[in-house]
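Reading the structure
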Amino acid sequence: MNSEFKGKRVLLIIGGGIAAYKCLDLIRRLREQGAVVRVILTASARQFVTELSVATLSGEKVHGDLFDLTDELEIGHIQLARDTDLVVVAPATANLMARMAHGLADDLATTALLATDKPVLIAPAMNTRMWEKPATRRNLARLIDDGVRTVGPNEGFLAEGESGMGRMAEPAEILAAIGQCLKAGAGALAGKRILITSGPTWEAIDPVRYIANRSSGKQGHAIAASLARLGAEVVLVSGPVALPDPQGVRTIRVESARQMLEACERELPVDAAICAAAVADWRVEAEAGQKIKKKAKSAPGGLNLVENPDILASLSRHGAHRPQLVIGFAAETENLIEHARVKLTGKGCDWILANDVSPARGVLGGDENTIHLVTAGGSEAWPKMHKSAVAEALAGRIADHFATSRKAAE
Ligand SMILES: Cc1cc2nc3c(=O)[nH]c(=O)nc-3n(C[C@H](O)[C@H](O)[C@H](O)COP(=O)(O)O)c2cc1C
């Protein structure tokens, strides 16, 4: 039995998707870990699992009707929403995600979701086309902005006989994500100061032109938000991005690689540093004071480039103030693991998150990422996940790292 589950109350909202049957296993696992599970079944979910199975496995009355007078007298929908440590929505159907994103409260499930003051974790599950529809992407982005955590979906075999993205995370993965959320409530990273860089850098050519790259900052910003949710004091040094500053994070906006390095150094000492920014390797040697004219002699072909400071290497080799844990990203288009390993030793960092950024993968600017975690001990392939799920997984690993080193020091 894991301590993060013992005596914790989980309100599980089961949506009307084919994956609802997996929630019976999830309820069993949660109870085995010592959690108390209350369940709301949506009207559609009742087409997929029976109230009898859910009540038997949870050992609790099952809820579903917003206007059930007996339920309302016994517990009340507001109390049901608040008298819990975590709300989990699994499967989070496209319909439930849309209703949540728009703040609808037209049944017990969505009313409880709107009324709750507790963290919410969703496990989306749907057909690939539904998952990829702009409407679902918008709803998911809005939910993430609102602080909703996600687990999955995964790529794999779908009920309709198709294969693709949209398969609900397995009960074991949802259980692990619930464990992380429950630990987060207790502040798994409380007292830790973490620095993270995100986004591209802009290297000026003249007052109006610059050299940049396609990094959107989505991954770095998501990691900052996940770390803050685990109770860390997070400083985000961000290049120019079109994203809002994450909640609960101190954001410092910079443009160039040199400004990013200066901002990072000012924030030392920190317990961990994560270099997720796509820092330009090169900058123009002498930025022109005035806009370069089209007919000028120094056409762009004549730009003289010099190497930029290496922020990851600088932090990894920082004498007195080297963070205990330094994590870098390796964006590669070939020989992923091999290049990541060279980067790990070359820069002196502790972990590398390697990702394939070939244009066909759509990682740069996209919402999903396939990560290989490379450490001195080996490499680990993570399934293709939404960037927010990668962020949650990484934040959990960082919390585990500090918990292990705390135990070793005791
Ligand atoms: C056989 C079947 C399987 C379904 N599976 C899913 C699914 O996996 N994901 C999803 O978003 N909707 C799925 N739907 C559609 C939802 O049941 C429908 O959108 C419903 O309104 C969802 O209600 P709820 O979100 O209140 O639970 C399925 C429908 C049927 C008939």
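Keep in mind that this is a model prediction, so the values were computed, not measured. (Residues numbered from 1 in each chain as written. Predicted model: local features only at pLDDT ≥ 70, side-chain atom pairs only at ≥ 80, totals over all residues. Heavy atoms only, no water.)

Another point: the packing of helix α5 (residues 94–101) against helix α8 (residues 134–145). Interaxial distance between α5 and α8 falls to 9 Å at its minimum, and their mutual angle equals 50°. As summarised for this structure, α5 and α8 are arranged oblique, according to the angle between their axes. Considering the relative orientation of α5 and α8, their crossing is left-handed. Contacts between α5 and α8 pair Met97, Ala98, Met100 and Ala101 from the former with Thr136, Asn139, Leu140, Arg142 and Leu143 from the latter. The residue inventory of the contact of α5 with α8, partitioned by class, reads 6 nonpolar, 2 polar and 1 charged. (Axes fitted to C-alpha atoms, helices over the stretch in contact; angles between N-to-C directions. Helix = DSSP H or I, 4+ residues; strand = E, 2+ residues; numbered from the N terminus. Parallel < 35°, antiparallel > 145°, perpendicular 65-115°, else oblique. Left-handed = near helix turned anticlockwise from the far one by under 90°. Contact = heavy atoms within 4.5 Å. Nonpolar A, V, L, I, M, F, W, Y, C, P; charged D, E, K, R; others polar.)

A few words now on the sheet that holds strand β9 (residues 193–198). Judged by pairing direction, the sheet is mixed, and its 8 strands sit side by side in the order β13-β12-β9-β14-β17-β18-β20-β21 without closing on themselves. What marks the edges here is a single partner per strand, and that holds for β13 (250–253) and β21 (378–381). Averaged over all adjacent pairs, the angle separating strand axes in this sheet is 15°, with direction ignored. Note that strand β17 (residues 325–332) and strand β18 (residues 351–356) share 6 bridges and pair parallel. Within the sheet, the bridge partner assigned to glycine 328 lies in β18 and is isoleucine 352. Across the sheet, helix α10 (residues 218–229) is in contact with β9, β12 (233–238), β14 (272–275) and β17; its angle to β12 comes to roughly 165°. (Pairing = 2+ DSSP bridges.)

A word on the nonpolar core. Counting 34 residues, the largest nonpolar core has Leu189, Leu227, Ile274 and Ile398 as the members making the most contacts within it. For this core, the elements supplying multiple residues, two or more each, are β9, α10, β12, β14, β17, β18, β20 (371–375) and α14 (387–409). Core analysis: the next-biggest nonpolar cluster, separate from the first, contains 33 residues, Phe5, Leu175, Cys181 and Leu182 among them. (Core = buried A, V, L, I, M, F, W, Y, C linked by side-chain atoms within 4.5 Å. Buried < 20%, exposed > 50% of the residue type's maximum accessible area, 1.4 Å probe, protein only.)

Among the 15 residues in the neighbourhood of the ligand, the closest are listed as Gly16, Thr42, Thr93, Ala94 and Arg99. The contact in question runs from an oxygen atom of the ligand to an N or O atom on the side chain of asparagine 95, over 3.1 Å. In the environment of the ligand, an oxygen atom lies 2.7 Å from a nitrogen or oxygen atom belonging to the side chain of arginine 99. Within the complex, 65% of the 630 Å² of free accessible area of the ligand lies under protein. The element contributing the most residues to the shell around the ligand is α5, with 4 residues. Split by residue class, the shell around the ligand holds 7 nonpolar, 7 polar and 1 charged. (Near = heavy atom within 4 Å. Polar contact = N/O pair within 3.5 Å; in protein donor to acceptor, adjacent residues only side chain to side chain. Areas by Shrake-Rupley, 256 points an atom, 1.4 Å probe, with all protein chains shown as cover.)

With that settled, the discussion passes to helix α13 (residues 336–347). Spanning 12 residues, α13 covers 16 Å between terminal C-alpha atoms, matching the ideal 16 Å at 1.5 Å per step. Buried within α13 we find Leu336, Ala340 and Leu344. Buried residues along α13 cover an arc of 65° about the axis, so they all sit on one side. Within α13, the exposed residues directed more than 90 degrees away from the buried face are Glu338, Val342 and Thr345. One or two residues past the end of α13 sits glycine 348, with phi positive at roughly 80°. (Expected span 1.5 Å × (residues − 1). Arc of directions from axis to C-beta.)

Attention now goes to the domain arrangement of the protein. Domains assigned within the protein are domain 1 (9–185) and domain 2 (193–409). If you look at the interface, domain 1 gives 16 residues, while domain 2 gives 14 residues. Counting the surface lost from both domain 1 and domain 2, the interface buries some 1,300 Å², and carbon and sulfur atoms represent 48% of this. Our count for the contact surface shared by domain 1 and domain 2 stands at 2 salt bridges. The partner of aspartate 367 in a salt bridge is arginine 137, and the shortest N-O contact between them spans 3.5 Å. (Domains from an automatic or database assignment. Buried area = accessible area lost by both parts, 1.4 Å probe. Salt bridge = Lys/Arg side-chain N within 4 Å of Asp/Glu carboxyl O.)

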